[in-house]
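One-letter residues, chain by chain:
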Amino acid sequence: MLKITPYLGILVIVVAIAGLWYPILGYFMLVVFGTLLVISPLRGRWFCGNLCPRGSFSDFWIAKISQNNKIPPILRSLWIRVPIFLLMMGFMVYRLLQTHGLFNQIGMVFVIMCLATTIIATLLGLFISPRTWCTFCPMGTLQHILGKDRYQIQLKNDKCIACKKCDKVCPMQLEVRKALSEKDCIKCSRCIEICPKNALAFKN
Ligand code: SF4
Ligand code: SF4
Ligand code: SF4
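Please read all numbers here as calculations on a predicted model, not as lab measurements. (Residues numbered from 1 in each chain as written. Chains lettered and ligands numbered in written order. Predicted model: local features only at pLDDT ≥ 70, side-chain atom pairs only at ≥ 80, totals over all residues. Heavy atoms only, no water.)

Colleague: Please provide a residue-by-residue account of the side chain of Thr-135, values included.
Modeller: Position of Thr-135 relative to the elements: it lies in the loop between α6 (103–127) and α7 (138–147). Residue Thr-135 is classed as buried on the basis of its relative accessible area of 1%. (Helix = DSSP H or I, 4+ residues; strand = E, 2+ residues; numbered from the N terminus. Buried < 20%, exposed > 50% of the residue type's maximum accessible area, 1.4 Å probe, protein only.)

Right, here's the structure in full:
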């Protein structure tokens, strides 16, 4: 996690709320798309755990009031995620085609996408677990596919004492020691930082 990670969540509120009056703010979504497209082939879902404003919003705002239930495993299936990706991208393209290239209307399409997904992510975060949305978010799915097995966690078996502290802090609810080739690890480093035996590290 970076030092700025906890503060990025404010950007979601700015784009989703202030964007209704200032549609130009919606173009910030393009910065987000561009950044994750560049990073994911090198570091998998690192963007999700370190730079995504909604990820930060989930971890540092929603987590304070979440019911922290188990995320339904079905949401992690690509049979669910790929159709959601195609549906949302298709809907966004359809809406963009209706703007006839008008600057503010294009911005508003992005603002509405941000607002709608933030509402869904917030409700899921409150009633299930903070990062529930991130298990099937279209941008997370894209990084899952592009990132493959880049920058994975490595376990030094001889050091591990099976205390399971790593599992308890994982925001994606992964079983860390069984998730060493898990493409949905968001590289947040929490398991590494909490491990009392320094048994975990990222493999470059
Ligand atoms: S899964 Fe989506 S919302 Fe969650 S951190 Fe990644 S890009 Fe952001
Ligand atoms: S926190 Fe470290 S020592 Fe404990 S189970 Fe995880 S890897 Fe093993
Ligand atoms: S396995 Fe570790 S680095 Fe990956 S998401 Fe879980 S806590 Fe973060």
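From this point, the narrative continues.
Colleague: Give me the nonpolar core: which residues, what numbers.
Modeller: Ranked by internal contacts, the top residues of the largest apolar core, which has 46 residues, are Met-92, Met-139 and Leu-200. For this core, the leading source of residues is α6, giving 6 residues. Both of domain 1 (5–147) and domain 2 (153–202) provide at least three residues apiece to this core. Setting aside residues up to four positions removed in sequence, Met-139 forms contacts with Phe-33, Leu-36, Phe-85 and Met-89. (Core = buried A, V, L, I, M, F, W, Y, C linked by side-chain atoms within 4.5 Å. Domains from an automatic or database assignment. Contact = heavy atoms within 4.5 Å.)

Colleague: Let's hear about unusual backbone geometry: which residues, and what values?
Modeller: For residues other than glycine, phi is negative in most cases, and the peptide bonds are mostly trans. With a phi angle near 55°, His-100 is a residue other than glycine that sits in the positive phi range. With respect to the helices, strands and loops of the structure, His-100 is situated in the loop between α5 (78–97) and α6. You will see that Asn-198, though not glycine, has its phi angle at about 50°, which is positive. As for its placement among the helices and strands, Asn-198 is situated in the loop between α9 (190–194) and β2 (200–202).

Colleague: How would you explain the site of ligand 3 if you had to name every residue and give the values?
Modeller: In the region of ligand 3, the neighbouring residues are Cys-170, Pro-171, Val-176, Cys-185, Ile-186, Lys-187, Cys-188, Ser-189 and Cys-191. Residues that form the shell around ligand 3 fall into these classes: 7 nonpolar, 1 polar and 1 charged. (Near = heavy atom within 4 Å. Nonpolar A, V, L, I, M, F, W, Y, C, P; charged D, E, K, R; others polar.)

Colleague: Quick rundown of empty space enclosed by the protein? Include the residues and the values.
Modeller: Taken as a whole, this structure holds 3 cavities of 30 Å³ or more when the rule is applied. What the largest cavity holds in volume is close to 360 Å³. Lining the largest cavity are 27 residues, and of these Met-29, Val-32, Arg-54, Cys-137 and Met-139 lie nearest its centre. Secondary-structure elements contributing two or more residues to the lining of the largest cavity are α1 (10–18), α2 (28–43), α3 (46–50), α4 (53–60), α5, α6 and α7. If you tally residues by element for the lining of the largest cavity, the top one is α2, at 5 residues. In terms of residue class, the lining of the largest cavity is built from 22 nonpolar, 4 polar and 1 charged. (1 Å grid on protein atoms, 1.4 Å probe; cavity = no way out; pocket = protein on both sides within 12 Å on 5 of 7 lines; lining within 4 Å. Points joined across faces, edges and corners; volume = space filled by probe spheres on them.)

Colleague: For the packing of α2 against α7, give the residues involved together with the corresponding values.
Modeller: One way to put it is that α2 packs onto α7 with a least axis distance of 8 Å and a crossing angle of 25°. In this view, α2 runs roughly parallel relative to α7, as classed from their interaxial angle. Relative to α7, the crossing made by α2 is right-handed. Each of Phe-33, Leu-36, Leu-37, Ser-40 and Pro-41 in α2 lies in contact with α7, whose residues at this interface are Met-139, Leu-142, Gln-143, Leu-146 and Gly-147. Considered class by class, the residues forming the contact of α2 with α7 number 7 nonpolar, 3 polar and no charged. (Axes fitted to C-alpha atoms, helices over the stretch in contact; angles between N-to-C directions. Parallel < 35°, antiparallel > 145°, perpendicular 65-115°, else oblique. Left-handed = near helix turned anticlockwise from the far one by under 90°.)

Colleague: Residue-level account of the pattern of salt bridges, with values.
Modeller: Counting across every chain of the model gives 5 salt bridges. A salt bridge links Arg-190 to Asp-59, with the shortest nitrogen-to-oxygen separation between them at 3.1 Å. A residue pair is termed long-range when its members are at least 10 positions apart, and Arg-190 in helix α9 and Asp-59 in helix α4 qualify at 131 residues. For Asp-59, a relative accessible area of 12% puts it in the buried group. Notably, a salt bridge pairs Glu-175 with Lys-178, separated by 3.1 Å at the nearest N-O pair. Here Lys-178 falls in the exposed class, since its relative accessible area comes to 69%. Where salt bridges share partners, they join Arg-45, Arg-81 and Asp-184 into one cluster. (Salt bridge = Lys/Arg side-chain N within 4 Å of Asp/Glu carboxyl O.)

Interpretation in functional terms is not warranted from these geometric data alone.
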